[in-house]
Amino acid sequence: MQSYFKNKWLPYILLIPTFIVLIVFLFYPAFETFRLSLYKVHPFGIRKIFAGFYNFKKLFTSADYLHSFSVSFIFSVAVVVVGLFVALMIALLLNQKLKGQLIYRSFLIWPYALSPAIAGAIFRFLFNPANGYLGYFSSLIVGFEPPWLTNSTLALVVITAAATWKNLGYNIIFYLAGLQNVQKEALEAASIDGAGPVKRFSIVTFPLLSPITFFLLIMNLIYSYFASFGLIDVLTEGGPANGTNILIYQLYRDFFINSKTGYAAAESFILFTLVVLLTLIQFKTTGKKVHYQ
Amino acid sequence: MKKKQVKKLILHILIILSILTVSMPVILAIIISTQTPAEVYSSPPKITPSGNFSNYVEAWKSVNLGRMMFNSAFIAFMVTLGKIILSLLAAFAFTHFDFKGKGILFFVVLVTLLLPIPVRIVSLFEIVSKLGWINTYWGLIVPFLASATGTFLFIQRFKMIPVELLDAAKMDGCSPMRYLLQILIPLSGSTIGALTVIEFIYIWNQYLWPLMATNSKEMRVVQIGVKMMIQADAMNNWGIIMAGVMMTMVPPLIVFFTMQQSFMKGFALASDK
Amino acid sequence: MKAKLLMVVLLFLLPGFLFAVGTQEKVEITGPVTIEFWHAMGGARIELIQGIVDSFMKENPDITVNVQFTGSYNDTLNKTKAAGKAGNAPHIFHLYDIGTLGMAYSGMITPIEDLTKWEKIDWDAFFSPVKNYYTIDGKHYSMPFNSSTPLLYYNKTFFGQAGLDPAKPPATFADVIAVSKKLKGSGLGLKAPITWNLHSWYFEQFHCLMDAPLVNNNNGRKGEFPTEVLFNREPGQKIVEWWTGMEKDGLFLDVGPGWANHRAAFGSGEVAMVMSSTSDVNQLTGLLAEKGWEMGTGFIPKPAGAKGGVAIGGGTLWITNGHPDEELLAALKLVKYISEDDAQMKWHKGTGYFAVRKTAMKKLEAGGWFRENPNFMTAFDQLLESPYSVNTSGALVGVFPELRSLVQTAIQKVYAGDMTVKEALDEAAAKTNVSIKEWNELNQ
């Protein structure tokens, strides 16, 4: 069934470029980072003291770090739930037979090309406490200007909206691909049985979409844990009152602003275990690979 | 018959409403990007467009946007190209050869999925500093050249190519590299297309690493430019900032729209399994 | 590639010859020397600095200076660190005031005073608050460059319309509240009467005004590292009570952190008063003039009877180590040049930052500058009226950047109503103390 070229050295030579990059820029730095997590490191790296699990102990007893955990969790769940729901609804609309559907599709999946930083900049302008449009619109409706970016709960709502918007294109694309794979016969069979469109969706289409939904769930989780860094940095810088201080932002702060390399390294390791966990769940349940990008 | 038309009309309206909602942030951003400073700083804010297109000129100059766009495009292009080449070679090795340690080596590539940049950034920064690659194109390109995603996409594609082709080629005495170049690569067009869009946009949109790894205005990339535009202006003239943001959105949109077809095909392929 | 190898070898040798550098008694620049200068001033200030450096190069034809704007202070610091690891740190870099103690113990700088045996610097010409901030145990570490304090700006036109005296800005905490209430009730359509950005800098300055220390061990200024913060004591509580109390009563507009929103809110007439840096005089005057409004300035408010003064903030220029003596001398010449009267007068006029030397100010005064620009005078008067003490010199803390973000978070927690003032400050203090302890351990 499987046929190979016979060559002793060529496969290794073909793999050399990939492995050089992997070792120098992935495995070695990861290993070094994990090693540093066991040290207290001088802000300028001129001294380090072995400290065992000190950094981890401190992190897991730090109210701020635990808070960052829960912010990340709430944010990621919100991005997943809202994002997937909206994307699925739009994908269903785009899956109908309509004139101009191809053009409609382009105009709905273009946010795929948005970057987190750009989404952040646009939302920062819209919700800015001075001269922001959305602040003004909302004041016309509710009679006062909600402190969109200066209240931690509302700021979390804003970053969720921005992240959902940025991710919309990606999610719609996958749902569309999934919907096109859903067996037509299955739908017809259900409609012969006299099921209405809503029932048809809930008993036939949605279950068939569940592998894609699950894949998107993991992708969106990883996106909200990592890739939303640019969004947060431009939009809220983790504030107000750490209300949008997700784990990756805390890591950046500890490493780059507070110069606490040991802590930052420990936080890297914690993030690593999170990724491992998510990936294992993904493998166990669908046997699919997770692509980070 | 009539009922069907009504239903279609409702669907059209719903889709157009969705498009409007999804585009609204950008529409508002374009509106403010045409306003004069006095209009931008007005209380209550002015929500109608004006004719001040000098904001686009200002934004272009204020942070040297042209150079940044070039940097981002160059880096994205080089990484995309490099990744495709490296992934093609690796996928070819894994699918068309039997060799010692294949299982382990494949596992090693697989494990890299667990190591996104943030997990190793502390030491990656050290290594790139020690190589003297901070603030160079090397530092922005080389660490991203190996990709498990690309390798897997090509492995999937290669596995779908009928084995008879390979047997026939071997009969003809076709060398492995010729087989790769003349048979496999031409057959992998849509995978290459999908990967090009994914990687180009991924690198173009990257933020954390270029933020750390560059420092001069000659080396900055466009995403950092977005933040710099916000920082550079003492009073956040959103007219100028949004003008700049709109310009930075253009290149990835062009890539996306021109490659949309093969991208969608590549994706459908990827999600087929 | 060879050059890189050589660099690596040199890196390993570095500790050995580090101590050799800077020990020569006499150094002269004999041939062409090139030095790197990284700074953190964006926008129009990039060209201003380039202009100053250009005239320096004209006077010193042997010295070539590569100037680079490297982003915020924090970015600049990190980039300098990275470059240091690669063995090519810039000769001069620009850093915020609060990094002073951290840099002094970084192992990568040369104190300016260690180099002054090659070329004298007239320290007496400097304003003493400026000079004092960057002096540790009587030793000058870095060269004052851009210095500023906060200032109160107010919209005279709005004051007039609200029936207030446009010539009289509020001077005390209680005045600010009284004036704000009047403005709020005047039907001017303000979002709120007053604002300033969420920044710990103001919190620190109010401590100085009350002559209260921010940290123990003489504010960290008498040879011992501080071991705990004192900002959660009575003065700190009083400041935050006043600040957040105004926000609760709708007198204060919370515009969040950053340096743009408060200016924009003032410029668009959303507020009638703003506190900001003295380096904003030019910008804000222009912005209000565009709308046909007149702007006034006043000292930043303090509690009635407080006897302290403002501390000088801003940035200084640091010289790194590990360079040949000739290059260090060239770097010294440049920072000296930038701190001298001509450059400082140009800098002051272009930006609104103080001139760091008394002599420069006298020249400005003689030229009639302050008569034409009375708002700049307010800033100088405020500085000159500040008495000297360890408290008004500003605190020396190794973990200052972290302290700041903790203080800001504490204030936001009070805004949100999650905590009382005391709870929030106590929490921030406890967290800062842990970090201080760790920092001290690593720097012993």
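What counts and what doesn't
Residues numbered from 1 in each chain as written. Chains lettered and ligands numbered in written order. Predicted model: local features only at pLDDT ≥ 70, side-chain atom pairs only at ≥ 80, totals over all residues. Heavy atoms only, no water. Helix = DSSP H or I, 4+ residues; strand = E, 2+ residues; numbered from the N terminus. Buried < 20%, exposed > 50% of the residue type's maximum accessible area, 1.4 Å probe, protein only. Contact = heavy atoms within 4.5 Å. Expected span 1.5 Å × (residues − 1). Bend = angle between axes of the 7 residues up to and from the residue. Buried area = accessible area lost by both parts, 1.4 Å probe. Salt bridge = Lys/Arg side-chain N within 4 Å of Asp/Glu carboxyl O. Polar contact = N/O pair within 3.5 Å; in protein donor to acceptor, adjacent residues only side chain to side chain. Nonpolar A, V, L, I, M, F, W, Y, C, P; charged D, E, K, R; others polar. Axes fitted to C-alpha atoms, helices over the stretch in contact; angles between N-to-C directions. Left-handed = near helix turned anticlockwise from the far one by under 90°. Pairing = 2+ DSSP bridges. Domains from an automatic or database assignment. Parallel < 35°, antiparallel > 145°, perpendicular 65-115°, else oblique.

### Quick word on the overall build of chain C
When its secondary structure is counted, chain C shows 20 helices and 12 strands. The principal-axis extents of the C-alpha atoms in chain C amount to approximately 70 × 50 × 40 Å. With 444 residues in all, chain C has 62% of them scored as buried. Nonlocal contacts in chain C, meaning residues at least 24 apart in sequence, comprise 78% of its contacts between residues at least 6 apart.

### Overview of helix 1 (residues 2–32) of chain B
Residue and element names in this part refer to chain B. If you check helix 1, its first and last C-alpha atoms are 43 Å apart, about what 31 residues at 1.5 Å a residue would give, namely 45 Å. Where helix 1 bends most, the angle comes to about 50°, and this point is Met24, followed within four residues by the proline Pro25. Of all the positions in helix 1, only Leu11, Ile15, Ser18, Ile19, Val22, Ser23, Pro25, Val26, Leu28, Ala29, Ile31 and Ile32 are classed as buried.

### Details of the environment of A:Phe69
Residue and element names in this part refer to chain A. Tracing the chain through its elements places Phe69 in helix 3 (residues 63–94). Overall, the relative accessible area of 23% leaves Phe69 in the partly exposed class. Linking Phe69 and Ala177, residues 108 residues apart in sequence, is a C-alpha distance of 33 Å. Beyond its immediate stretch of four places on either side in the chain, Phe69 contacts Phe60, Leu247, Ile270 and Leu274.

### Considering the interface of chain C and chain A
Each partner contributes residues to the interface: chain C has 34 residues there, and chain A has 26 residues. The largest contributions to the chain C side of the interface with chain A come from C:Lys81, C:Glu438 and C:Leu442, which together make up 21% of the buried area. Inspection of the region where chain C meets chain A yields 4 salt bridges. Between C:Glu441 and A:Lys40 there is a salt bridge, and its shortest N-O distance comes to 2.8 Å. Taken together, the connections running from chain C to chain A amount to 19 residue pairs in polar contact (both at pLDDT 80 or more). Contributing elements (two or more residues each) for the side of chain C that touches chain A: helix 3 (73–85), helix 4 (100–104), helix 12 (261–267), helix 19 (400–415) and helix 20 (421–442) of chain C. Broken down by element, the side of chain C that touches chain A gets its largest block of residues, 7 residues, from helix 20 of chain C.

### Points about the interface of chain B and chain A
Taken together, the contact pairs 112 residues of chain B with 99 residues of chain A. Buried surface at the junction of chain B and chain A, both sides included, amounts to about 9,300 Å², of which 76% is carbon and sulfur. When the buried area of chain B at its contact with chain A is split by residue, B:Ile15, B:Val22 and B:Val122 rank highest and sum to 7% of it. Salt-bridge contacts for A:Asp233 lead to B:Lys227; the nearest nitrogen and oxygen are separated by 3.3 Å. When grouped by side-chain class, the residues that make up the side of chain B that touches chain A number 79 nonpolar, 19 polar and 14 charged.

### Quick notes on the packing of helix 15 (residues 341–351) of chain C against helix 16 (residues 358–366) of chain C
Residue and element names in this part refer to chain C. Contact geometry of helix 15 with helix 16 gives a least axis separation of 9 Å together with a crossing angle of 60°. The handedness of the crossing between helix 15 and helix 16 is right-handed. Note on element contacts: helix 16 touches helix 15 through Thr359, Ala360, Lys363 and Leu364, opposite Asp341, Gln344, Met345, His348 and Lys349. For the contact of helix 15 with helix 16, a count of residues per class yields 3 nonpolar, 3 polar and 3 charged.

### Things to note about the sheet that holds strand 11 (residues 295–298) of chain C
All names here are of chain C. Here 4 strands make up an open sheet; going across it, the order is 9-10-8-11 and the pairing mixed. What marks the edges here is a single partner per strand, and that holds for strand 9 (194–195) and strand 11. Bridge analysis of strand 8 (residues 150–155) against strand 10 (residues 273–277) gives 5 bridges, and the strand direction is antiparallel. Residue pairing across strands places Leu152 opposite Met275, the latter belonging to strand 10.

### Focus on the domain arrangement of chain C
Residues and elements named next belong to chain C. Along its sequence, chain C is carved into domain 1 (28–147 + 313–372), domain 2 (150–198 + 254–303) and domain 3 (200–236 + 399–444). Relative placement of domain 2 and domain 3: their C-alpha centres are 28 Å apart. Summing both sides of the interface, domain 2 and domain 3 together bury roughly 1,200 Å²; the carbon and sulfur share of this comes to 80%. On the domain 2 side of the interface with domain 3, the three residues burying the most area are Pro150, Leu198 and Ile300, jointly 44% of the side's total. At the junction of domain 2 with domain 3, the criterion picks out 0 salt bridges.

### Describing the packing of helix 14 (residues 325–339) of chain C against helix 15 of chain C
All names here are of chain C. Between helix 14 and helix 15, the least distance of the axes is 5 Å, while the angle of their chain directions is 55°. One element, helix 14, and the other, helix 15, form an angle in the oblique class. Residue-level contacts link Tyr337, Ile338 and Ser339 of helix 14 to Asp341, Ala343 and Gln344 of helix 15. In the contact of helix 14 with helix 15, the residues fall into 3 nonpolar, 2 polar and 1 charged.

### Some points on helix 11 (residues 247–257) of chain A
All names here are of chain A. Counting buried residues along helix 11, 10 of its 11 residues qualify, which places the element largely inside the surrounding structure. Listing the buried residues of helix 11 in full gives Leu247, Ile248, Tyr249, Gln250, Leu251, Tyr252, Arg253, Asp254, Phe255 and Phe256. Just beyond helix 11, the residue with positive phi is Ser259, at close to 50°.

### Quick notes on the pattern of salt bridges
For the structure on display, the rule yields 22 salt bridges over all chains. The shortest N-O distance in the salt bridge between A:Asp64 and C:Lys431 comes to 2.7 Å. Remark: C:Lys431 occurs in helix 20 and A:Asp64 occurs in helix 3; the pair is interchain, linking two chains. For A:Asp64, a relative accessible area of 16% translates into the label buried. Across the salt bridge formed by C:Asp426 and C:Lys422, the nearest N and O atoms sit 2.8 Å from each other. Linking C:Asp426 with C:Lys422, this pair stays in helix 20, spanning 4 residues, or about one helical turn. Linked through salt bridges whose partners overlap, the residues forming this network are A:Asp64, C:Lys413, C:Glu427 and C:Lys431.

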